[in-house]
Structure formats: C-alpha cells, structure tokens
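# Architecture and fold: a report
The lines below spell out each chain.
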Amino acid sequence: MENKAVIIDLKNISISFDDQPILKDVSLEIHDGEFVTLLGPSGCGKTTTLRIIAGFLSPDSGDVIFEGKKINGVPAHKRQVNTIFQRYALFPNLNVADNIAFGLKLQKKSKSEIKKIVEEMLSLVNLKGFEKRNVSSLSGGQQQRVAIARALAVKPRVLLLDEPLGALDLKLRKDMQSELKAIQQRLGITFIYVTHDQEEAMSISDMIVVMKKGVVQQVGEPQKVYDDPVNLFVAKFLGTPPINVFTGRVEGEKLMIGDEAVLDVKGAPDGEVYAAVRPEGFILDENGPLTCKLSGVEVMGRDVSIVSRHKASVNPIIRAIIGSDNKVDTASATVRFSLKPHKTFIFGKDSEERIRFGE
Ligand code: ATP
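This text gives an overview of the structure that appears in the document. (Residues numbered from 1 in each chain as written. Predicted model: local features only at pLDDT ≥ 70, side-chain atom pairs only at ≥ 80, totals over all residues. Heavy atoms only, no water.)

### A few points about helix α5 (residues 170-187)
Compared with the 26 Å implied by 1.5 Å per residue over 18 residues, the 26 Å span of α5 between its first and last C-alpha is a close match. In the core, the buried residues of α5 are packed alongside β3 (35-39), α3 (111-124), α4 (140-153), β7 (158-162), β8 (190-195) and α6 (198-204). Residue Gly188 follows α5 closely and has a positive phi angle near 70°. (Helix = DSSP H or I, 4+ residues; strand = E, 2+ residues; numbered from the N terminus. Expected span 1.5 Å × (residues − 1). Contact = heavy atoms within 4.5 Å.)

As structure tokens, this is what we get:
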C-alpha cells in the first residue's frame, strides 16, 4: 500500500451547519486503488466527508486535492468521481441496459461503444441476461448491482459508496460485500465506502478511517487498528464481541483492577486508568490474578465464551473467548484469568488516550 500514489488528499477540512461544527480539521490521504472505509457512529460526519469529495458541498475551510491539483471549485460532474447512495435512485421506467448506459449517453459515446461497455458491466455485476428487464421488477440486491454497474460504466477514478448495502437483508449484504470487494480488486478503482457497521468495514477494507464527532481518530489497516487502538473510543468501536473495559489504576508499574495486580505495565505512570481487554485476551488460569464471578459458559464450537462479572467492569458482563479444549468448572462461583499483555490496553481515565507499556 505504502508506495501507491495519493489520489485524494483532504487538507484541514472543516465545515459547520447552523453554526454546529460537523467536520473539524479533517486531513486524510487516500491512495490510488485502495478500498478505504469511513467508519463511525451515526452523525459523525462520514456522509459529509463523501459529499465534499464528490463536490456536492464546499468546505468552509481546507482543500480537496485530486492527484496533486486543488479541486475545491470544480463542480461535481467535472470530477473523476462517481457516487452510489443507499437509495440507489435508478430510473424506474428504464430497463437495466438503459440505466447502465445513462452516463455513457451523456458522455456522447458512440452506440457501439455503449453496447460494449454495457455488456462488460453486466458481466462484471453478474446480470447477463437481465438487460431488457425493467429495474422495478428486480430484487433489492439486483437493483443495487445495476446501480454499481451504472456508476462504474463511466469509468470513474474514484467511486464513493454511501452505505450502499444498508437496505439489504443480512445474507444478501454479506454476499454483496464479497462481490463489491471482488469488483474493486478486479478494476483497481479507488473505493471510498461509508458505513457505521464495524464488522462490514473490517471485512472489506484495505484501510479504515475511524471518525467521531467530525474528528478523524485513527487511520490504518483494519487489523492494525484493532490490534493497536490509539484511544478508548477506537478500542470500543472495533470488535465483536466488544472489548471488555474495567476501571483500574496503575501503581508501581502494576495494573490494578480492584485489589488485584493483574498485569505488569512497565513504564506506565501511576494514575487512574481504563483497562480494556479483548475477549481473546483472557487466559483461563486457576492461579490467575483476575477473579470474576462466573455467570455461564456458551459453547461456540471451536471456542467457548465465558460470561462473568466483576465490580470494576464497565460493561454489564465480561466476555472471554477461549479455545474449547480448555475445561471450565461450571459449578464454581468464580473464574480466574491472567491477561495477555498484547491484548490488554490501558487508557488515561480523563483523556481516554492510550498509555503504552512494556516493549
Ligand atoms: P449517518 O451514519 O447517520 O449517515 P454520518 O456520519 O454520515 O451519519 P453526516 O450525514 O455526515 O453523518 O451528518 C453529520 C451531522 O451533520 C449530523 O448531525 C447531521 O444532522 C448534520 N447535517 C448533515 N447535513 C446537514 C445539512 N445540510 N444541514 C444541517 N445539518 C446537516
């Protein structure tokens, strides 16, 4: 990824609506050919960022750079960017082929060229044989594929996708995720995708951009962001089941949860912290330092999920995922764990920023 050229460079973008700041100093480099996902809770500014890249909105300050050239004033239709929305806005009275051909006709391509591209696109989205069908007779997934074909037919350099699978049911959504990823890889076009679904983002993206209240929190490959979150918000936003958060403190380079010293945290300063442990960060250990009240054990096949409670836990329950070859004494009132240092993160109590330890 590192040696790919930057195609879109957002520099210090800010925008307010009704005096409410919506994007605050957003800077972001997007590399050519990457599948980049803007991820964050509803209202954090993902769609607004896309609309600025598309040219539907002008930022109050900051620059949008496309391949090294400032394009702030360039109107949407002159940008080499196309957009697919959740409501895909096909032309209901046109058939599939005419929907796909729409942008090509505007570009005044010849009939034979249009025919060739429409055929290419139909085969790309697996809709060969559907060209004469009226789009309103198609299923949601098929309509979404027509929208993808229509957006790609004009060969944009960048495709913006705003929750394009949001209206589909779960099974179709999963299938379409894989299809989109395959199409993106085959064409090598830059995709900028918006979702609030972290599992979707993790599974399809080369890079994720985690946003909160108009501020970019962290940018990176999904696994790296999961393994190395910069703050508590990012740690909590990624992962299913969610990360387990405890209130605790650091005392003499030991992480204390309640009265128990649960982990050596070399180099961490004394103070109040949040300690966050990924579900796979617990080791079942009868002499382990973290003692929790056992609530139950859920069998998941390859793994088991141990459900427990602790006074210092911020989440109502603690969920530890361990291999099913571990034997849990379900008759016991308590369960004891030790913690994997690379799956345990600590954050300042006030700042919620990561405090690094060990190395
Ligand atoms: P969602 O996942 O719900 O689509 P989002 O992260 O895409 O959320 P945006 O659509 O970018 O969020 O909206 C960010 C904030 O800006 C929201 O509070 C929204 O109400 C507000 N907003 C967006 N567009 C406008 C507008 N034209 N006028 C006023 N407020 C707006």
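### Regarding the packing of aromatic side chains
According to the stated counting rule, one finds five aromatic pairs in the structure shown. On the numbers, 5.6 Å between centres and 45° between planes, the contact of Phe35 with Tyr193 is tilted. Taken as a pair, Phe35 in strand β3 and Tyr193 in strand β8 lie far apart in primary sequence, 158 residues in all. Here Phe91 and Phe102 contribute two aromatic rings whose centre-to-centre distance is 4.4 Å and whose plane-to-plane angle is 40°, an arrangement assigned as tilted. A residue pair is termed long-range when its members are at least 10 positions apart, and Phe91 in the loop between β6 (81-84) and α2 (96-106) and Phe102 in helix α2 qualify at eleven residues. Classification of Phe91 by relative accessible area gives partly exposed; the value is 28%. (Phe/Tyr/Trp six-rings, centres within 6.5 Å; stacked < 30°, edge-to-face > 60°. Buried < 20%, exposed > 50% of the residue type's maximum accessible area, 1.4 Å probe, protein only.)

### Quick look at the sheet that holds strand β20 (residues 344-348)
Across the sheet, six strands lie side by side as β13-β12-β11-β14-β20-β21; this open sheet has antiparallel pairing. If you trace the sheet from one side to the other, it starts and ends with β13 (260-264) and β21 (354-355), each paired once. When β20 meets β21, the two strands line up antiparallel, connected through two bridges. Of the residues in β21, the one forming a bridge with Phe347 is Arg354. (Pairing = 2+ DSSP bridges.)

### Looking at unusual backbone geometry
Here the amide bond leading from Thr240 into Pro241 is cis, since omega sits at -10°, within 30 degrees of zero. Phi is positive for Lys213, which is not a glycine, with a value near 45°. Counting through the fold element by element, Lys213 comes out in the loop between β9 (207-212) and β10 (215-220). A positive phi angle, close to 65°, is found at Glu253, a residue other than glycine. Note that Glu253 resides in the loop between β11 (244-251) and β12 (254-257). When its relative accessible area of 38% is taken as the criterion, Glu253 is described as partly exposed.

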